[in-house]
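Structural features, examined
Listed here are the chains, written in short residue letters.
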Amino acid sequence: SLFLPLVAARPIRSARPSLSCIHVGRFDPPKNHERVLAIFAAINKELGPSTLHLVGRYSTDRHVALMACAESFGVRDQVTFLGERNDVPQLLVASDLLLLPSLREGMPSVVLESVAAGTPVLASTLPGVLEIANEIDGIRCVDLEASNEEWATAARALLAQVEAPLALHQGI
């Protein structure tokens with residue numbers, strides 16, 4: 001598998017200096033990027049200094065609008081727009097949490113890729129995501145009606161849930 005050599009070298013999150021969040025998806029309204037930024041701001045407040053990497057193709061206008069949104073949430077310096085990339089598996093392995101508060105998804109392949117990379121997923125309660133979450137650990141679904149703070153609390157719980165077995169397995 002493409003992910004196995006990458007995951008084998010993955011440090012557990014507690015050994016990293018800060019939380020690294022990622023969102024992978026085209027920069028279209030259904031991907032809900034403004035909400036990604038709002039949830040990230042709440043996670044940053046709840047869990048301490050964090051970074052967010054946004055992966056996907058975007059227009060200059062969309063980039064400017066989302067940077068202004070990040071600025072309004074006070075997280076502009078912690079958000080990086082990586083554009084369209086060919087190294088998404090490596091980026092997922094290097095991340096601690098995938099944020100996916102989409103308004104619509106079919107069968108979201110990024111959720112499967114993230115779990116294969118060993119990166120937990122915090123996603124909206126959409127049928128395709130729920131179907132995967134019912135079969136695979138490391139995915140927590142949150143209703144889009146929940147507050148950003150509730151999403152941040154869910155992120156804390158998810159990270160604690162996936163880290164405990166890793167720490168035990170690695171003798172920490």
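What this report covers is the structure whose coordinates are included nearby.

What counts and how
Residues numbered from 1 in each chain as written. Predicted model: local features only at pLDDT ≥ 70, side-chain atom pairs only at ≥ 80, totals over all residues. Heavy atoms only, no water. Phe/Tyr/Trp six-rings, centres within 6.5 Å; stacked < 30°, edge-to-face > 60°. Helix = DSSP H or I, 4+ residues; strand = E, 2+ residues; numbered from the N terminus. Buried < 20%, exposed > 50% of the residue type's maximum accessible area, 1.4 Å probe, protein only. Salt bridge = Lys/Arg side-chain N within 4 Å of Asp/Glu carboxyl O. Polar contact = N/O pair within 3.5 Å; in protein donor to acceptor, adjacent residues only side chain to side chain. Pairing = 2+ DSSP bridges. Axes fitted to C-alpha atoms, helices over the stretch in contact; angles between N-to-C directions. Contact = heavy atoms within 4.5 Å.

**Observations regarding the packing of aromatic side chains**
- Counted by the stated rule, this structure contains three aromatic pairs.
- With a centroid separation of 5.5 Å and an interplanar angle of 70°, the aromatic rings of Tyr58 and Phe81 are classed as edge-to-face. Here Tyr58 is found in the loop between strand S2 (50–55) and helix H3 (60–72), whereas its partner Phe81 is found in strand S3 (residues 79–83), with 23 residues between them in sequence.
- On the accessibility criterion, Tyr58 (28% relative accessible area) is partly exposed.

**What about the pattern of salt bridges?**
- Going through the model one piece at a time under the given rule, you end up with seven salt bridges.
- One salt bridge connects Glu84 with Arg57, and the closest N-O pair in it is separated by 3.1 Å. With a gap of 27 residues between them, Glu84 in the loop between S3 and helix H4 (88–93) and Arg57 in the loop between S2 and H3 connect regions that are remote in the sequence.
- The partner of Glu71 in a salt bridge is Arg76, and the shortest N-O contact between them spans 3.8 Å.
- Among the residues examined, Glu71 registers a relative accessible area of 47% and is labelled partly exposed.
- Owing to a relative accessible area of 39%, Arg76 belongs among the partly exposed residues under this scheme.

**Concerning the side chain of Ser95**
- Relative to the helices and strands, Ser95 is located in the loop between H4 and strand S4 (97–100).
- A distance of 2.7 Å separates a polar atom in the side chain of Ser95 from the backbone oxygen of Leu91.

**A closer look at the sheet that holds strand S6 (residues 139–142)**
- A sheet is described by the order of its strands in space; here six strands give the open sequence S3-S2-S1-S4-S5-S6, paired in parallel fashion. The sheet is open, and its two borders are formed by S3 and S6, each paired with just one other strand. Averaged over all pairs of adjacent strands, the angle between their axes in this sheet comes to 25°, without regard to strand direction.
- The pairing of S2 with S3 spans four bridges and is parallel. For His53, the partnering residue across the bridge sits in S3 and is Thr80.
- Along the sheet, helix H2 (residues 33–47) contacts strand S1 (19–24), S2, S3 and S4; its crossing angle with S2, the most-contacted strand, is approximately 160°.

**What to know about the environment of Gly138**
- Looking at the secondary structure, you find Gly138 in the loop between helix H6 (127–133) and S6.
- Classification of Gly138 by relative accessible area gives buried; the value is 11%.
- Residues Gly138 and Val111, 27 residues apart in the sequence, show an inter-C-alpha distance of 9.9 Å.
- Not counting chain neighbours up to four residues away, the residues in contact with Gly138 comprise Pro120, Val121, Leu158 and Val162.

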